[in-house]
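Each chain, letter by letter, is given below.
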Amino acid sequence: MLNHRKFPVLLVMLLVISMVVTACGAKPTPVPTPVPAPTTAPVTQPTQPPAVQPTKAPAAGIDCMGAKAGDQISMLYQWSGAEEENLNKILKPLVDACGIVLAPESTRDQALLDTRVKAGTPPDVTFWNVTQLNQYKDLLKPLDTLGVHGANYAGYWQAIGTVGGQWLGLPVKADIKTIIWYSPVAFDAYGYKVPTTWAELDALVEKMVADGHVPWSMGMESGDATGWTGSDFIQDIMLVQKGPQYVDDLITGKAPYNDAGVKQAYETYGKWAKDPQYTVGGAKGTLSTGFLDAIYKVFADPAEAMLVKQSGFAGGAVKEKFPTLKYGSDYDFFGVPGAQGVQGGSDWMMMFSDKPAVKALVAYLSSDAGAAEWAKAGFDLSPNSKATAAYTDAALIKKGQILASAQGFTPDIGDTIPGGFGKAEWTAIVDFVNGADLDAALAAAAKVQAEATQ
Amino acid sequence: MSSRDDKVPKIMKQGRVAPWLYVAPALIVMSFFIVYPMVSTVLLSFRNADSTLPATAACIAGEPCWGIFENYRYALTSPIMLTAFRNNLLWILLMVSGTVAMGLLIAVLADRVRYERFAKAIIFLPMAISFVGAGVIWKFMYDYGSGKIQIGLLNAILKTVGVSAVSWLTQPGINNLALILVGIWMWTGFSMTILAAALRGVPTEIVEAARVDGATEWHVFWRIIVPVIMPTIAVVITTMVINVLKIFDIVYVMTGGNYGTEVIANRMYVEMYNSFQSGRATAIAVVLILVIIPAMIYNIRRFQEQEAIR
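Computed from a predicted model, the values in this text were never measured in an experiment.

### Some words on the overall build of chain B
Point 1. Tallying secondary structure elements over chain B gives 13 helices and zero strands in all.
Point 2. When the helices and strands of chain B are listed from N to C terminus, the series reads α-α-α-α-α-α-α-α-α-α-α-α-α.
Point 3. Computed over C-alpha atoms, the radius of gyration of chain B comes to 26 Å, more than 25% over the 19 Å expected from 2.2 N^0.38 for 310 residues, which places it beyond the range of a compact globule.
Point 4. Based on the C-alpha atoms only, the size of chain B along its principal axes is roughly 90 × 70 × 30 Å.
Point 5. Taking contacts inside chain B between residues at least 6 apart in sequence as the whole, the part at least 24 apart equals 64%.

### A few points about the pairing of strand β7 (residues 179-182) of chain A
Residue and element names in this part refer to chain A.
Point 1. The alternating pattern of β7 places I179 and W181 and I180 and Y182 on opposite faces, both of which are buried.
Point 2. Of the pairings in the sheet, the one linking β7 to strand β9 (residues 332-335) comprises four bridges and is antiparallel in character. Counted as the bridge partner of I179 is G335 from β9.
Point 3. Of the pairings in the sheet, the one linking β7 to strand β8 (residues 307-309) comprises three bridges and is antiparallel in character. Opposite Y182, over in β8, you have L307 as the bridge partner.

### What about the domain arrangement of chain A?
Point 1. Taken domain by domain, chain A holds domain 1 (72-174 + 345-399) and domain 2 (179-340 + 417-453).
Point 2. For domain 1 of chain A and domain 2 of chain A, the distance between their C-alpha centroids amounts to 31 Å.

### Quick notes on the sheet that holds β9(A)
Paired through backbone hydrogen bonds, the strands of a sheet run either parallel or antiparallel to each other.
All names here are of chain A.
Point 1. Spatially, the three strands line up as an open sheet ordered β8-β7-β9, and their pairing is antiparallel. For this open sheet the edge positions go to β8 and β9, each flanked by a neighbour on one side alone. The mean inter-strand angle of the sheet, taken between neighbouring strand axes irrespective of direction, is 30°.

### Comments concerning the environment of A:Y327
Point 1. Positionally, A:Y327 belongs in the loop between α13 (313-321) and β9.
Point 2. The sequence separation of A:Y327 and A:G316 amounts to 11 residues, and the corresponding C-alpha distance is 9.7 Å.

### A look at unusual backbone geometry
Point 1. In this structure, the amide linkage connecting A:D301 to the following residue, A:P302, adopts the cis form with an omega of 0°.
Point 2. Looking at the element boundaries, A:P302 is found in the loop between α12 (291-299) and β8.
Point 3. The phi angle at B:Y259 is positive, at roughly 60°, despite the residue not being glycine.
Point 4. Take B:Y259: it is sitting in the loop between α11 (249-254) and α12 (264-274).

### With respect to the nonpolar core
Point 1. If you look at the biggest cluster of nonpolar residues, it comprises 184 residues, and the most contacted ones within it are A:W181, A:A360, A:L361, A:V362, A:A445 and B:L195.
Point 2. Among the elements that take part in this core, helix α8 (residues 175-200) of chain B stands out by supplying 14 residues, more than any other.
Point 3. When residues of this core are assigned to domains, at least three fall in each of domain 1 (72-174 + 345-399) and domain 2 (179-340 + 417-453) of chain A.
Point 4. Contact partners of A:A445, with chain neighbours within four places excluded, come to A:Y257, A:A424, A:E425 and A:A428.

### What to know about the pairing of strand β1 (residues 72-77) of chain A
In the case of a regular strand, side chains alternate between the two sheet surfaces.
Residue and element names in this part refer to chain A.
Point 1. Of all six residues that make up β1, six are buried, and the element is covered over most of its length.
Point 2. Burial of the side chains of β1 extends over both faces: Q72, S74 and L76 are buried on one face and I73, M75 and Y77 on the other.
Point 3. With six bridges connecting them, β1 and strand β2 (residues 101-106) associate as parallel partners. Bridge pairing in β2 links S74 to A103.
Point 4. As a crossover connection, the stretch from β1 through helix α2 (residues 82-98) into β2 is right-handed.
Point 5. Both β1 and strand β3 (residues 125-128) contribute to a ladder of three bridges, which runs parallel. What sits directly across from Y77, in β3, is F127.

### Digging into the confidence of the model for chain A
Point 1. Across chain A, pLDDT averages 86, with 87% of residues at or above 70.
Point 2. Low pLDDT, under 50, characterises residues 1-7 of chain A; the predicted model gives this stretch 14 contacts beyond four residues in sequence or across chains.

### Observations regarding α12(B)
Point 1. Burial analysis of α12(B) places eight of its 11 residues in the buried class, which makes it a mostly covered element.
Point 2. Burial in α12(B) covers these residues: B:I264, B:A265, B:N266, B:R267, B:M268, B:Y269, B:V270 and B:E271.
Point 3. Among the structural elements, α18 (421-433) of chain A together with α4 (79-110), α10 (217-245), α11 and α13 (278-309) of chain B are those in contact with the buried residues of α12(B).

### Quick word on the packing of helix α8 (residues 228-241) of chain A against α18(A)
All names here are of chain A.
Point 1. For the pair α8 and α18, interaxial distance at closest approach is 9 Å and the crossing angle is 90°. In terms of their interaxial angle, α8 and α18 are classed as roughly perpendicular. Along its contact with α8, which presents W228, G230, S231 and I234, the element α18 presents E425, W426, I429 and V433.
Point 2. Here the residues of the contact of α8 with α18 sort into five nonpolar, two polar and one charged.

Scoring rules and cut-offs
Residues numbered from 1 in each chain as written. Chains lettered and ligands numbered in written order. Predicted model: local features only at pLDDT ≥ 70, side-chain atom pairs only at ≥ 80, totals over all residues. Helix = DSSP H or I, 4+ residues; strand = E, 2+ residues; numbered from the N terminus. Rg over C-alpha atoms; globule rule 2.2 N^0.38 Å. Contact = placed C-beta atoms within 7 Å. Buried ≥ 20, exposed ≤ 12 C-beta atoms within 10 Å, placed from the backbone. Pairing = 2+ DSSP bridges. Domains from an automatic or database assignment. Axes fitted to C-alpha atoms, helices over the stretch in contact; angles between N-to-C directions. Core = buried A, V, L, I, M, F, W, Y, C linked by C-beta atoms within 7 Å. Right-handed = clockwise from strand over helix to strand, strands pointing away. pLDDT = per-residue confidence, 0-100. Parallel < 35°, antiparallel > 145°, perpendicular 65-115°, else oblique. Nonpolar A, V, L, I, M, F, W, Y, C, P; charged D, E, K, R; others polar.

Next comes the structure, spelled out in structure tokens:
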């Protein structure tokens with residue numbers, strides 16, 4: 001039998017544990033370590049006898065830029081597994097032709113990159129996000145000095161990669177989100193046509209409602225990230241109504257987030273997202289349906305909706321959930337009609353070194369041959385315009401065309417603005433769909449945007 | 001006296017240093033894992049988002065500014081934090097009273113049945129489940145199917161009786177209650193166990209004497225049992241208040257603080273790990289500690305009083 005007087009001991013133990021838990025959560029101030037920068041990063045890896053001039057002539061279209069066999073390039077990137085294999089496949093012709101030795105490291109941890117750079121021992125080359133261009137602008141070698149084939153890149157790509165008047169990053173990989181998934185079988189059965197303008201899309205949606213179908217499946221539940229599906233959709237609407245420059249202005253803070261253009265996009269979105277005639281379950285359905293379930297609803301039997309706006313991964317999700325369905329006939333996508341630019345994620349190559357081997361890498365990846373290899377490997381899209389004609393995968397061919405015809409490329413607004421804007425944006429979307437006043441919701445997000453971009 | 005002192009070997013005498021040696025291990029652990037993080041947290045709360053400048057740097061011209069206390073202005077006056085304070089208050093009122101009342105009720109009733117152990121085990125079981133796991137389980141309970149099929153238990157029941165489905169987690173007014181119910185389900189076992197032990201400690205003589213004197217069971221409960229176990233009830237209440245102030249898992253898993261269900265601890269997490277606003281996050285942490293300290297002092301006082309009685 002337990003004496004009740006002993007229980008406070010247990011309680012005090014619990015309290016101490018609670019105190020510890022509360023006290024945690026403090027982040028130690030990052031202390032930059034001023035290590036003197038060594039002139040060269042000596043990574044000893046004698047895998048190949050050095051200083052042997054390539055005996056065979058370089059393969060067609062590959063310029064070694066004076067790199068000698070055995071020259072090393074240290075690389076740091078986030079890719080691993082199949083992604084890493086893709087990259088190796090793409091770089092193999094260069095490695096074979098010039099005898100360059102790649103010394104790659106794979107990590108998802110940006111802190112590792114930051115530490116290396118601050119310690120004065122950055123990798124020769126890193127593949128990272130666009131925000132790092134600005135972060136490391138003082139240390140990166142301009143592409144013009146590295147033998148880049150600039151003509152292969154659309155002006156907007158060069159503009160994104162330019163900081164302080166210098167082109168510092170080479171976009172190597174892109175994935176686009178400005179697409180809508182649908183079922184060609186269902187479209188055929190009901191006589192619907194893929195729309196090519198926003199007006200046609202709007203008319204198609206109204207026709208579906210008139211026919212008694214629910215056009216959209218807009219579910220966006222995603223735990224504490226609920227709202228991101230909506231933010232993608234709204235950004236696409238802005239790209240239709242206002243264009244890529246407007247989105248860039250929002251990112252830089254030139255246009256406030258409670259601007260009339262933003263409000264218009266939200267209202268266009270809300271007309272569909274809050275009404276059970278237009279989307280599965282109306283506002284409640286949009287808020288409480290998981291984003292994956294929202295994809296499945298369009299391709300399930302019976303289908304609950306006709307259209308779902310979602311990034312490229314939706315194809316993989318459908319394939320996994322419904323293995324019998326075929327891409328192209330049972331599920332397919334089209335670009336958001338009327339979008340003046342596309343949004344998506346992109347990976348950038350940044351050079352901390354201008355040694356010959358690095359120049360060879362830059363020249364190769366930006367060349368026609370490099371673009372063709374990238375397209376052949378099917379490692380998402382290559383921003384290199386010469387890749388467009390070289391894709392072999394059906395979905396990539398179509399995405400490549402959408403990208404090629406775009407007049408701009410915008411990153412996700414919420415991901416790009418720092419300081420909690422992403423969460424504030426989601427909150428605005430969730431609150432708006434849940435019936436809150438739009439002006440108040442946007443004003444709250446605009447406040448965070450102003451703080452972050454001041 | 002002096003002769004007795006001489007007989008004690010010198011090594012056994014307690015000097016000024018010896019006590020410190022005994023407590024040193026505990027002090028070192030405490031200072032590393034409690035004092036240092038706490039001091040660091042307080043210092044960071046006066047810095048800006050990435051701790052590089054004083055908090056004053058976050059002020060925007062033309063807007064109210066509390067100078068070095070800028071992060072506290074956010075922690076105490078921003079609309080989302082006011083929502084969080086309101087919700088935490090609601091959680092305290094409903095969840096503390098709910099767990100204590102249910103715990104006491106079950107403890108008293110289970111005492112009188114043959115399958116007592118089984119009943120108590122069932123009630124205690126949720127405590128053994130990971131909080132995140134429980135959140136996921138209840139997310140399914142509350143699931144709102146936008147299509148024709150309702151896989152959520154509650155909505156399936158509503159559908160069978162012909163009432164239209166409710167979106168439990170997104171509807172303001174209902175969603176906070178739905179979350180608090182999960183909290184009560186999880187923590188009732190805790191208060192039940194402690195209260196049940198306290199009930200066992202009630203001297204049978206007084207209870208029997210009261211019954212002999214003709215007191216009804218109702219009177220015995222309210223006039224004898226409750227006053228006797230009152231100190232334990234008080235401890236359970238304060239412990240629950242502290243727990244509820246720090247409530248995080250349920251909200252994080254089930255709504256992510258959306259739809260007006262934000263609570264202090266979740267906001268702290270969001271500021272720290274989603275928004276990278278370490279100044280604001282630590283300011284919220286300090287506010288949370290300050291709110292909890294009175295409950296903690298009360299609890300420790302109780303504990304010391306009971307030690308004194310012993």
